[in-house]
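Here is what each chain is made of, one letter per residue.
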Amino acid sequence: MAYLCKNKCMDTEKTEEFYRRLKEQLQESASWPSNYLYKFIVPTEAGKINQVHQIFDNTGAVIELKKSKNGKYTSISITVNLKDPDAVIQKYKEVGGIKGVISL
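From a predicted model like this one, the values you see are computed outputs, not experimental measurements.

Q: I'd like a rundown of the pattern of salt bridges, residues and numbers included.
A: With the rule as written, the count across this model stands at five salt bridges. Across the pair Glu16 and Lys93 runs a salt bridge, and its minimum N-O distance is 3.9 Å. One end of the pair, Glu16, is in helix H1 (residues 2-29); the other, Lys93, is in helix H3 (residues 85-96), and 77 residues separate them in sequence. Classification of Glu16 as partly exposed rests on a relative accessible area of 43%. When salt bridges with common partners are traced through the structure, they connect Glu17, Arg20, Arg21 and Glu24 into a single cluster.

Right, dumping it as C-alpha cells:
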C-alpha cells in the first residue's frame, strides 16, 4: 500500500510542477485575456466527446472534431478566449478528469 501512495504522490508532484511551468510560459508568451488553442485526443465515444464539450460550454469556444483514420479516436481542437493562465490550467484539469483523454 505504501508503495502505491508513494507513486501517486510523485505523480501529483510532477503534475503540479508541469502546471507551474505552463503558467510561467503562458505569462511570458501572451498578453491576457488571450485566445488559447487546446488539442485533445479522445476515444470516439459520444459520452467522452460530450463531456469535453460541456467543459467548454458557454465560453464562446470554437470546437473542431476530426476522427482518426480507423475511427477509434477523435481529435478535438478548441480555441477559446480566456482571461489568464489560471483559466487555461483550470480547463486542462477539468478535461484531465475524463478517463482516456490525452492532452497534447
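Q: I'd like a description of the environment of Thr74, backed by residues and values.
A: Considering the arrangement of structural elements, one finds Thr74 in strand E3 (residues 73-82). It is 8.2 Å that separates the C-alpha atoms of Thr74 and Ile49, two residues lying 25 residues apart in sequence. If we ignore the near neighbours within four places in the chain, the residues touching Thr74 are Phe40, Ile41, Val42, Thr44, Ile49, Leu65, Lys66 and Lys67. In this structure the side chain of Thr74 is engaged in a polar contact, spanning 2.8 Å, whose partner is the side chain of Thr44.

Q: Lay out unusual backbone geometry with the relevant residues and their values.
A: The linkage connecting Trp32 with the following residue, Pro33, adopts the cis geometry, with an omega of 5°. Relative to the assigned elements, Pro33 resides in the loop between H1 and strand E1 (34-43).

Q: So, the nonpolar core: which residues are in play, and what are the values?
A: Judged by nonpolar contacts, the single largest core of 22 residues is most densely connected at Tyr38, Phe40, Val52, Phe56 and Tyr92. Looking at this core, the elements that each hand over two or more residues are H1, E1, helix H2 (46-55), E3 and H3. Top element by residues in this core is H3. It accounts for five residues. Setting aside anything within four residues of it in sequence, one finds Tyr38 in contact with Phe56, Ile76, Ser77, Ile78, Val80, Leu82, Ala87, Val88, Lys91 and Tyr92.

Q: With reference to specific residues and values, describe H3.
A: Working note: α-helix, 3.6 residues per turn, so residues spaced by three or four point in the same direction. Here H3 is 12 residues long and its end C-alpha atoms lie 16 Å apart, about the 16 Å a rise of 1.5 Å per residue gives. The opening residue of H3 is Asp84, an N-cap whose side-chain oxygen sits 3.1 Å from the backbone nitrogen of Asp86.

Basis of the calculations
- All residue numbers refer to positions counted from 1 along the written sequence of the respective chain.
- Restriction of local features to residues with pLDDT of at least 70 applies here, the model being predicted, together with a cutoff of 80 or more for giving and counting side-chain atom pairs; totals for whole chains, interfaces and linings are based on all residues.
- Side-chain numbers come from the whole structure's heavy atoms, not from hydrogens or water.
- We define a salt bridge as a contact between a side-chain nitrogen of Lys or Arg and a carboxyl oxygen of Asp or Glu at a distance within 4 Å.
- Per the convention used, a helix needs a DSSP run of H or I reaching at least four residues, while a strand needs a run of E reaching at least two, with both numbered from the N terminus.
- Throughout, exposure labels follow a simple rule: accessible area from a 1.4 Å probe, protein chains only, divided by the maximum for the residue type, with under 20% read as buried, over 50% as exposed, and the rest as partly exposed.
- Here, residues are in contact when the closest pair of their heavy atoms is within 4.5 Å.
- Pairing of N or O atoms within 3.5 Å defines a polar contact, subject to two protein rules: one partner must be a possible hydrogen donor and the other a possible acceptor, and residues neighboring in sequence count only if both atoms are side-chain atoms.
- In this description, a nonpolar core means a group of buried Ala, Val, Leu, Ile, Met, Phe, Trp, Tyr and Cys residues linked to one another through side-chain atoms lying within 4.5 Å.
- The span one expects for a helix is its residue count, reduced by one, times 1.5 Å.

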